[in-house]
Amino acid sequence: ITSFGGALADFILSLDMPKIDITHNPMPTLVPRVTVDDDQIGRRAANHFLVRGYRNFAFYSWENVAANQVRKDAFIETLEDAGITGEKIHIIHQSSINEMSDWEAHREAILGQIKNLPRPLAVFTSQDDFGVTLVDVCAKSGISVPDEIAVLGADNIDFLCECAVVPLSSIDTNLTDLGY
């Protein structure tokens, strides 16, 4: 079972054994794939917030991960289909590599992006680790979660969701079943 791309790409291709990939990354050879429905994950996130009456939204993820972009596009498209205009939809960008190596700089970079966004704000994070990071930034900055900023992750990784300063709600992508 592979996660094709990056430094392992050549190694994965060199293996003389059956391979099953779990990414959306292009591969130079045909390999069976099993993936989650990232489009549906983005739509579910938008609908989760819409039925709860939110009117200000944000998306937070790694921008260079293909699955995250599919989730973002579906999230935004669903919001727009519901009549939410562009000025009500915000993007929170991941910190630079330099900032990420310094937790305080990373925290300040995220805080700088969210502190002036309208409240209440509903933020969909493409993965649980981004949600936990955002919850931590908010908690340490005196921003109430979920009263001021509601955060929804994806993948429903128990040890991340349950151990966050404020437990994280998350879309269950059934990763165990995916691996099986």
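The shown structure was predicted, so the numbers you read here are calculated from the model rather than taken from an experiment.

Cut-offs and rules
Residues numbered from 1 in each chain as written. Predicted model: local features only at pLDDT ≥ 70, side-chain atom pairs only at ≥ 80, totals over all residues. Heavy atoms only, no water. Helix = DSSP H or I, 4+ residues; strand = E, 2+ residues; numbered from the N terminus. Rg over C-alpha atoms; globule rule 2.2 N^0.38 Å. Buried < 20%, exposed > 50% of the residue type's maximum accessible area, 1.4 Å probe, protein only. Phe/Tyr/Trp six-rings, centres within 6.5 Å; stacked < 30°, edge-to-face > 60°. Disulfide = S-S within 2.5 Å. Patch = residues over 30% accessible without salt bridge, like charges linked within 9 Å, V, L, I, M, F, W, Y side chains within 5 Å. Areas by Shrake-Rupley, 256 points an atom, 1.4 Å probe, with all protein chains shown as cover. Salt bridge = Lys/Arg side-chain N within 4 Å of Asp/Glu carboxyl O. Axes fitted to C-alpha atoms, helices over the stretch in contact; angles between N-to-C directions. Parallel < 35°, antiparallel > 145°, perpendicular 65-115°, else oblique. Left-handed = near helix turned anticlockwise from the far one by under 90°. Contact = heavy atoms within 4.5 Å. Nonpolar A, V, L, I, M, F, W, Y, C, P; charged D, E, K, R; others polar.

1. Here's the deal with the overall build of the protein chain
Looking only at helices and strands, one finds eight helices and five strands in the protein chain. The C-alpha atoms of the protein chain give 17 Å as radius of gyration, which agrees with the globular expectation for 180 residues (16 Å, within 12%). Dimensions of the protein chain, computed from the C-alpha atoms along their principal axes, are close to 55 × 40 × 30 Å. Classification of the 180 residues of the protein chain by burial places 43% in the buried group.

2. Looking at the packing of aromatic side chains
Considering all chains together, one arrives at seven aromatic pairs under this definition. Seen from their ring centres, Phe-59 and Phe-75 are 6.2 Å apart, and the 40 degrees between their planes marks the pair as tilted. Note that Phe-59 is positioned in strand β1 (residues 57-61) and Phe-75 in helix α3 (residues 66-81), a separation of 16 residues in sequence. Like Phe-59, the residue Phe-75 is buried in the burial classification. Ring centres of Trp-62 and Phe-130 lie 6.3 Å apart, and the angle between their planes is 80 degrees; this geometry places the pair in the edge-to-face category. Of this pair, Trp-62 sits in the loop between β1 and α3 while Phe-130 sits in helix α6 (residues 128-140); the two residues are 68 residues apart in sequence, bridging distant segments of the chain. Its relative accessible area of 27% is what places Trp-62 among the partly exposed residues. Under the relative-accessibility criterion, Phe-130 is labelled buried at 3%.

3. Re the state of the cysteines
In the structure shown here, the tally under the stated rule is zero disulfides. Free of any disulfide, Cys-138 has its nearest cysteine sulfur in Cys-161, 16 Å distant. Assessed through its relative accessible area of 0%, Cys-138 is described here as buried. Note on Cys-163: no disulfide assigned, nearest cysteine sulfur contributed by Cys-161 at a separation of 9.4 Å. Taking relative accessible area as the criterion, Cys-163 reaches 63% and is therefore assigned exposed.

4. What to know about a nonpolar patch on the surface
Side chains of Ile-1, Ile-20, Ile-22 and Val-34 sit close together on the surface and give an oily, nonpolar patch of about 340 Å² of accessible area. With respect to the helices and strands, the residue Ile-1 is situated in the segment before α1 (9-14).

5. Description of the packing of helix α2 (residues 38-50) against α3
Interaxial distance between α2 and α3 falls to 7 Å at its minimum, and their mutual angle equals 40 degrees. One element, α2, and the other, α3, form an angle in the oblique class. The element α2 and its partner α3 pack so that their crossing is right-handed. Every residue of α3 that contacts α2 at Asp-38, Asp-39, Ile-41, Gly-42, Arg-43, Ala-45, Ala-46, Asn-47, Phe-49 and Leu-50 is listed here: Ala-67, Val-70, Arg-71, Ala-74, Phe-75, Glu-77, Thr-78 and Leu-79. A per-class count over the contact of α2 with α3 returns ten nonpolar, three polar and five charged.

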